[in-house]
Structures are given as structure tokens and as C-alpha cells.
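Here is what each chain is made of, one letter per residue.
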Amino acid sequence: MTFTALINVMPLKELLDPQGKAVMGGLKNLGLGQVQDVRIGKHITLQIEAASQEEARQIAENACQKLLANQVMESFDVQIQ
């Protein structure tokens, strides 16, 4: 079966997010001061051939651990459809 893995990779909350800060400044300059915080991350979609949803999750998590996310600086979340 083919599964779709939806992966969100975000900087750890403890770390600075320079891209988020730059966007936050731009939003304030545009008069959108209601926005309280901005964090910029990555959204990745994988098509995975696997026997089960759990196997697809394991493959996606393995991909995140080995390549897609820097676990020292980022966290990731995997959803399988």
C-alpha cells in the first residue's frame, strides 16, 4: 500500500528563530501587531510504500532522524494518511 506521510519540522522552542523574528518584524511594519509570535519551519510530504500504517510511520520517522530534521535544533511530527 502507498501511504502519505505529512511531516512538520520546527525549531526547538528554546532556540532563536531568526526567520520567524524577521517575519514578525515585517508583520508589525504592515500593521499586523496582533500577531504575538512567529516560528518558521518545514512541511514535508513523503509517499511511502509499506505493508502497514505503522511501518510507514517507522520509515518516515527514520527519514526524519537520519536526514530531514536536525534533532539538536529541531523537533518533528509525523502524521500518516
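Basis of the calculations
- Residues numbered from 1 in each chain as written.
- Predicted model: local features only at pLDDT ≥ 70, side-chain atom pairs only at ≥ 80, totals over all residues.
- Heavy atoms only, no water.
- Helix = DSSP H or I, 4+ residues; strand = E, 2+ residues; numbered from the N terminus.
- Polar contact = N/O pair within 3.5 Å; in protein donor to acceptor, adjacent residues only side chain to side chain.
- Contact = heavy atoms within 4.5 Å.
- Buried < 20%, exposed > 50% of the residue type's maximum accessible area, 1.4 Å probe, protein only.

Describing the side chain of threonine 4
So, step 1. Note that threonine 4 resides in strand E1 (residues 2–11).
So, step 2. At a separation of 3.1 Å, a polar atom in the side chain of threonine 4 contacts the side chain of glutamine 47.
So, step 3. If sequence neighbours within four positions are ignored, threonine 4 has contacts with Thr45, Leu46, Gln47, Gln79, Ile80 and Gln81.

Things to note about the environment of cysteine 64
So, step 1. Looking at the secondary structure, you find cysteine 64 in helix H2 (residues 53–68).
So, step 2. On the accessibility criterion, cysteine 64 (0% relative accessible area) is buried.
So, step 3. Expressed as a C-alpha distance, the spacing of cysteine 64 and glycine 31, which sit 33 residues apart in the sequence, is 37 Å.
So, step 4. Apart from the residues lying within four places of it in its own chain, the contact partners of cysteine 64 are Ile7, Ala69, Gln71, Phe76 and Val78.

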